[in-house]
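# A look at the structure
Okay, here's what each chain looks like letter by letter:
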Amino acid sequence: MPEDNAVPPGDAREEQGSMIYKIVQGLALWFGMQMLMKQFTGGNNAQTATTQDASGNVVQVPANTGDIPAYQLRPSSLDEGAVWNPIPQRLAPMWPTDSSLDIVVTLSSSFVPVKISSVPEEYVALNEKSFKLGNSTDTRVAETTFSVPSSVQKNGTLWGHFYVGLTGSNLDPKEPGYDPASAFHFVYPLTQYIPKKKEAKTRNLLEDRPEVEEEELEDDNTGPIIANYYHPNTSLAFVPDTGIVNYPQSHPAIRQFIHPESTGARDGSGQNSWYYPVLYVNTFWQMKSHMTLLNETVKTLPLRLDLSNMKNWKFNILASVDFNSKQQALQAAYGGPIPGGGDGSEIEMVKEMFLDTNPYLLGVTAAVSVAHMLLEMLAFGSDIAHYRKKKDNVGISVRSILANVFMQTVIFLYLIDNSQNTSWMILGSQGIGILIEFWKITTIVNVRLRPAPPGSFIPYRIAFEDKYQLSETEEKTKEYDEIAFKYMYFAGVPLVIAYAVWSLLYESHKSWYSYILTTLVGSVYAYGFLMMVPSLYINYRLKSVAHMPGKAMIYKFLNTFIDDLFAFTIKMPLLYRLATFRDDIIFFIYLYQRWAYRIDYTRVNEFGQGGDDEPEETKAEPKPLLDAESVTEKVEGAAKSSGADTGAAKKRK
């Protein structure tokens, strides 16, 4: 007899086949990752090979040139029938990836280089010898202060002239003895032209409106204002492992830092050439908030240059993201659409978050943000499911839903009024939320357009009519809702009026329309939690919470605790931080009501929910027959209902 836990032969073969499949799958994944990393890192990482040139001299050549001959072994003429291409198709490294380099960086207001010896000392920003290419431990730092040229003060460009060459070679192309095979020079701007963010003009509405000047009208009709900005920190990084580059197909952000051999030499096919070591001028971490706006008041500026080596995959990512974000910001400044809306500054906000936030706190924030979105989706689905299954209006505050529609609409109009700072994704989600609230109303009452009473200024009015004859408990719900909102008006209206007066006296606004929206939005954010008070009051009077969407409530209140966490991690004024704890009060009251008004599972669907949560053991118990009195009550249509009452509830068909 086989043991109980013995594996049958068929199952053993299946388990063995599954194990082989997993091994093959793992190997395929490993080879795929290797091929992907090869694309990022440039393939062969071998550094140097020793060979002889045409004169018989022993030379060191790069070992990662593939089928393109080394620059030192380049042919003196093209192959028979080959055509010289002015744009090289493929480029191979010109120098070995472990070369020793000298580098000089000078500053100038002119794009045209001058002799290095004639450059004033304060404009020589970097002068380093024997920097080891490919050595990650070799880092250099240079700091200086220089006088700002007058042309740069007047919106001119500050150029950086970069001279790079093998150690001991002549770096100055203006001097005799300069050899392009051992040195190269390129120019890159150290200032950036960035469009100024348009700011809405605001004023105190109680003051006299100033006359509109012609200059202001002209400014409104013109495009964005481009200003000249400067950042004091710049990182320079050599990228030694780029490998063979397909020049025409490379990303523009990558191509601007690849400098082909300057003499126009080609291999035998006339299509391929060589390039100097990639020197990446890294502006990825240059935040606009850390930049200086250049004008005639700026006399001197500091400069810090960091020199190091960088991996090719990192160079590709940083250069591409930086280039694309700047293009999007420029496109948005000229009114062009960009994916997801916004003004193109979203990437910079993410970078600032990485720079200014503790890494552990950042990780917690990312995890909590995902949990926040998940809980919000679960609450959304649970809320819809609750109202779809709801068969009566017991415990539902129709006025709260209408008030929520009003508040959501106010927030939506406010976001449109400030659309330059709002993503279309946020506007879309807010609009969908309004439609969902409207849908909730249609599940509870009939929305009709009826003629207005005689003498009314508006010929028609929107009427909310009951879908059917309300039961006694539903009539009580309606009555309790009216009472709760009466006291809500007593508490809320004076607060809103006081805030409106304070905002009018002490704050500035774009217009009266903007003032009304801002005041209403501020009231919604400050007192919006009061909209849950009528529901709590109805629960108290009915002595029941069975009609509440329990799952959706739990999901929403868990999100309030996540908001509490953000209140401690994100910079905000004290009053706003205290306001994040307002929903917690409602939540704890709701928890108390769930404890005080426990659901009696012996009743069948007290509030028309269908009895979905009834335990199996209670379902199996036989139901007592209705007595004559209850039958009479059912015929007369009188429904007896209370959260505290444990009698049999009547279910509407």
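Everything discussed here concerns the structure shown above.
I will try to describe carefully the structure that is included in this document. (Residues numbered from 1 in each chain as written. Predicted model: local features only at pLDDT ≥ 70, side-chain atom pairs only at ≥ 80, totals over all residues. Heavy atoms only, no water.)

## Quick look at the packing of helix H8 (residues 398–417) against helix H10 (residues 472–506)
With their axes 8 Å apart at the nearest point, H8 and H10 run at an angle of 50 degrees to one another. By the angle class used here, H8 and H10 are oblique. Of the residues in H10, those in contact with Val398, Arg399, Ser400 and Ala403 of H8 are Lys478, Asp481, Glu482 and Phe485. When its residues are assigned to classes, the contact of H8 with H10 shows three nonpolar, one polar and four charged. (Axes fitted to C-alpha atoms, helices over the stretch in contact; angles between N-to-C directions. Helix = DSSP H or I, 4+ residues; strand = E, 2+ residues; numbered from the N terminus. Parallel < 35°, antiparallel > 145°, perpendicular 65-115°, else oblique. Contact = heavy atoms within 4.5 Å. Nonpolar A, V, L, I, M, F, W, Y, C, P; charged D, E, K, R; others polar.)

## A few points about the environment of Arg74
Mapped onto the elements, Arg74 comes out in the loop between strand S2 (58–62) and strand S3 (90–93). Beyond its immediate sequence surroundings of up to four residues, Arg74 is in contact with Ala265 and Trp274. Of the polar contacts made by the side chain of Arg74, one reaches the backbone oxygen of Tyr71; its length is 2.7 Å. (Polar contact = N/O pair within 3.5 Å; in protein donor to acceptor, adjacent residues only side chain to side chain.)

## Focus on the sheet that holds strand S14 (residues 278–282)
Here four strands make up an open sheet; going across it, the order is S6-S16-S11-S14 and the pairing mixed. Bordering the open sheet on either side are strand S6 (140–147) and S14, each of which pairs with just one other strand. On average, each strand axis in the sheet is tilted by 20 degrees relative to the strand beside it, whichever way the strands run. Strand direction decides the pairing type here: S6 and strand S16 (residues 300–309), joined by eight bridges, are antiparallel. Bridging across to S16, Thr144 finds its partner in Leu303. (Pairing = 2+ DSSP bridges.)

## As for the sheet that holds strand S8 (residues 183–189)
Pairing is antiparallel across the open sheet formed by four strands, whose spatial order is S5-S4-S7-S8. Two strands close off the open sheet at either side, each with one partner strand: strand S5 (124–132) and S8. Pairwise comparison of adjacent strand axes, ignoring direction, gives a mean angle of 15 degrees for this sheet. Note that strand S4 (residues 100–108) and strand S7 (residues 159–166) share eight bridges and pair antiparallel. By the bridge assignment for S7, Thr106 is matched with His161.

## Concerning the nonpolar core
Grouped together as the largest cluster of nonpolar side chains are 57 residues, with contacts concentrated most on Phe238, Leu279, Tyr280 and Phe315. Contacts of Phe238, omitting those with residues within four sequence positions, involve Leu101, Ile103, Phe131, Leu133, Val164, Pro277, Val278, Leu279, Leu307, Ser308, Asn309 and Met310. Grouped together as the second largest cluster of nonpolar side chains are nine residues, Val545, Met548, Ile586 and Tyr590 included. (Core = buried A, V, L, I, M, F, W, Y, C linked by side-chain atoms within 4.5 Å. Buried < 20%, exposed > 50% of the residue type's maximum accessible area, 1.4 Å probe, protein only.)

## Notes on the packing of aromatic side chains
Here the structure, examined in full by the defined rule, presents 19 aromatic pairs. Geometrically, the ring pair formed by Phe184 and Phe186 is stacked, given 6.2 Å between the ring centres and 15 degrees between the ring planes. Every member of this aromatic cluster is reached through a ring pair, and the members are Trp95, Phe162, Phe184, Phe186 and Tyr276. A cation sits over an aromatic face here: Arg74 above Tyr71, 4.0 Å from the ring centre. Here Lys543 stacks its cationic end above the ring of Tyr540, 4.3 Å away from the centre of that ring. (Phe/Tyr/Trp six-rings, centres within 6.5 Å; stacked < 30°, edge-to-face > 60°. Lys NZ or Arg CZ within 6 Å of the ring centre and 35° of its normal.)

## Examining a nonpolar patch on the surface
On the surface, Leu206, Tyr487, Tyr489, Phe490, Val493, Ile497, Val501, Trp502, Leu505, Tyr506 and Trp512 cluster together into a nonpolar patch covering about 1,200 Å² of accessible area. Here the element with the most residues in the nonpolar patch is H10; it accounts for nine residues. Classification of Trp512 as partly exposed rests on a relative accessible area of 44%. (Patch = residues over 30% accessible without salt bridge, like charges linked within 9 Å, V, L, I, M, F, W, Y side chains within 5 Å. Areas by Shrake-Rupley, 256 points an atom, 1.4 Å probe, with all protein chains shown as cover. Salt bridge = Lys/Arg side-chain N within 4 Å of Asp/Glu carboxyl O.)

## Focus: the pattern of salt bridges
Summed over the entire model, instances satisfying the criterion amount to five salt bridges. Here Arg140 and Glu128 are joined by a salt bridge, their closest N and O atoms 2.9 Å apart. Note that Arg140 is positioned in strand S6 and Glu128 in strand S5, a separation of 12 residues in sequence. For Glu128, a relative accessible area of 16% translates into the label buried. With a shortest N-O distance of 2.7 Å, Arg304 and Glu143 are connected by a salt bridge. Separated by 161 residues along the polypeptide, Arg304 in strand S16 and Glu143 in strand S6 bring together distant segments of the chain. Residue classification places Glu143 among the exposed residues on the basis of a relative accessible area of 60%. Where salt bridges share partners, they join Glu128, Asp138 and Arg140 into one cluster.

Taken by themselves, the reported measurements are silent on function.
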